[in-house]
Each structure stands twice: as structure tokens, then as C-alpha cells.
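Spelled out from the first residue to the last, the chains are:
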Amino acid sequence: MGELRIRQLIFSSVGTAVIFACMLMAQGCGGGESDDPLSAASAPLPPPPPRAKPSEPRPLINGQPSPEALAKRFLKYLSGNDAKAIQSLRLTRREFCEYVWPELPSSRIPNVTCDWAWDQATLKSDGGLSELLPRHAGRRYEVTLVRFAGGTEDHYTYRIHKDTRLVLKDESGEQREVSVLGSMLEMDGRYKLFSFREE
């Protein structure tokens, strides 16, 4: 194989790696803020072909009926310092790979598997959870507002509500907005989290 061809292959591999690395970082390569490594907006790729709407609702383990219900459940588990219960509010590997991944533009990148994407996202999420627990675990908060600073991204069979912000009231009555949750998945009328993050 000629030297020129070898250089072309190396450049192609590095280019693919850089594109996907940008999607896995807290900030996109274009300079815009991105709280979630799975945002389709970060990938300069054509969307996957349309998928048929499922004939039956797809189960989301511990999925909640609204963003507010999901936030309240998170705060309940947080006050009890129950990391395992908190993790149950996040998508499982199976839910992500079976329901979400096929509709993300990143699924079109050659040689990038769902399992690899999931593992990278999980490392980031686990790091965020390990940072927020010491600061907030055991404290009692009341959620007064849930908003999505990053807007909503529509896919064929689900929606992603990006950059979740919670306005919380503490035991003293003081209110403030925090950013400790990643994006929320809305699918078949149920909601789950993509990730946790450091405030």
C-alpha cells in the first residue's frame, strides 16, 4: 500500500474520532454549550432513515409521567442519599441501544457502536453523579420549576429535552436554579434521564 494511501486512511480515522469525541465532550467543537454527549446537533451527519411508529408503547423502567414527576423522584432519592435509586431514573443500556441510538445521527458513524457510545456517556454521567452527591445528598428540596435551556429536539419516535434546569426551594425557603441533570427523553408519554452532571 502506498504512503499516500496510508496517510489518507489515517486522516479518515482521525477525522471520525474527532467528530465523535466532540459529541462526547461537555462542550461541542463549534463553541456552543452542550450538556449531553448524545445531541444530534453536534454531528454533521445526515439523519437516519425514518422509522415506523411503534404499534405498542415501549416500556421505560421507572419512567415518569412528566418532567416534574421525574424531578421530584430524583429529589426524593437525593434526600435519601440513595445512589442506586437515582441511577434507576437514567436510561438503561438496553433502552438506549434499542430505542434511542438507531435514530441518532451518531449511529451513522462507521465503526462506532452503541455499546461504545453508551460506555463513554456513562463515564461522564457517573462522574457528574459522584460530584453532586456530596454537595446535595441528604438535603430536602422542593422543585418549583423545570425548564429546558437547550430546547427540544424531535426525532421520529421520541423527543429529547435538552439542558434540564431545576428551580429548587431549600428548607430555608431560598430558591435557586441548578443544573445537575442532563437531557430528558420523552417517549410514549414517559420520561427518563440521559445523564447526571456536576452543577
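Preceding this paragraph is the structure being described.
Residues numbered from 1 in each chain as written. Predicted model: local features only at pLDDT ≥ 70, side-chain atom pairs only at ≥ 80, totals over all residues. Heavy atoms only, no water.

Student: Could you clarify how one ought to interpret the pattern of salt bridges in this entry?
Tutor: All chains considered together, the criterion is met by 12 salt bridges. One salt bridge connects arginine 93 with aspartate 115, and the closest N-O pair in it is separated by 3.2 Å. Here the residue arginine 93 occupies a position in helix α4 (residues 93-100), and aspartate 115 occupies one in helix α5 (residues 114-136), the gap between them amounting to 22 residues. For aspartate 115, a relative accessible area of 41% translates into the label partly exposed. With its nearest N and O atoms 3.6 Å apart, the salt bridge here joins arginine 165 to glutamate 177. Here the residue arginine 165 occupies a position in strand β4 (residues 164-169), and glutamate 177 occupies one in strand β5 (residues 175-178), the gap between them amounting to 12 residues. For glutamate 177, a relative accessible area of 34% translates into the label partly exposed. Through salt bridges that share partners, Arg147, Asp163, Arg165, Glu177 and Arg197 make up one connected network. (Salt bridge = Lys/Arg side-chain N within 4 Å of Asp/Glu carboxyl O. Helix = DSSP H or I, 4+ residues; strand = E, 2+ residues; numbered from the N terminus. Buried < 20%, exposed > 50% of the residue type's maximum accessible area, 1.4 Å probe, protein only.)

Student: Even after reading the chapter, I still don't get the packing of aromatic side chains, so can you show me in this structure?
Tutor: Each aromatic ring pair is summarised here by two numbers: the centre-to-centre distance and the angle between the ring planes. Inspection of every chain in the model, using the stated rule, returns 3 aromatic pairs. Ring geometry for phenylalanine 74 against phenylalanine 196: centres 6.2 Å apart, planes inclined by 25°, an arrangement best described as stacked. Highlighted residues: phenylalanine 74 in helix α2 (residues 67-79) and phenylalanine 196 in the segment after β7 (190-193), separated in sequence by 122 residues. The two residues phenylalanine 74 and phenylalanine 196 agree in class, both being buried. (Phe/Tyr/Trp six-rings, centres within 6.5 Å; stacked < 30°, edge-to-face > 60°.)

Student: When you look at α5 in this model, what are you seeing that I'm missing?
Tutor: Side chains three or four residues apart in an α-helix point the same way, a direct result of the helix having 3.6 residues per turn. Look at α5: 32 Å from first C-alpha to last across 23 residues, which is about the 33 Å you get at 1.5 Å a residue. With its phi angle positive at about 90°, glycine 138 sits one or two positions after the end of α5. (Expected span 1.5 Å × (residues − 1).)

Student: Which parts of the structure should I look at to understand empty space enclosed by the protein?
Tutor: Over the atoms, a rolling probe the size of a water molecule traces out where space has been left empty. Enumeration over the complete set of coordinates arrives at 1 cavity of 30 Å³ or more. Reported here for the largest cavity is a volume of approximately 40 Å³. If you go around the largest cavity, the residues you meet are Phe74, Leu75, Leu78, His136, Tyr141, Leu168, Val178 and Val180. Grouping the amino acids of the lining of the largest cavity by side-chain chemistry returns 7 nonpolar, 1 polar and no charged. (1 Å grid on protein atoms, 1.4 Å probe; cavity = no way out; pocket = protein on both sides within 12 Å on 5 of 7 lines; lining within 4 Å. Points joined across faces, edges and corners; volume = space filled by probe spheres on them. Nonpolar A, V, L, I, M, F, W, Y, C, P; charged D, E, K, R; others polar.)

Student: How should the state of the cysteines be read in this particular structure?
Tutor: Two cysteines, two sulfur atoms, one covalent bond between them: this is a disulfide. Within this structure, the stated rule accounts for 1 disulfide. Each sulfur in the disulfide pair cysteine 97 and cysteine 114 lies 2.1 Å from the other. Between cysteine 97 and cysteine 114 the disulfide shows an S-S torsion of about -100°. By sign, it is left-handed. Of this pair, cysteine 97 sits in helix α4 while cysteine 114 sits in helix α5, and the two are 17 residues apart along the sequence. A relative accessible area of 11% places cysteine 114 in the buried class. (Disulfide = S-S within 2.5 Å.)

Geometry only, nothing functional implied.
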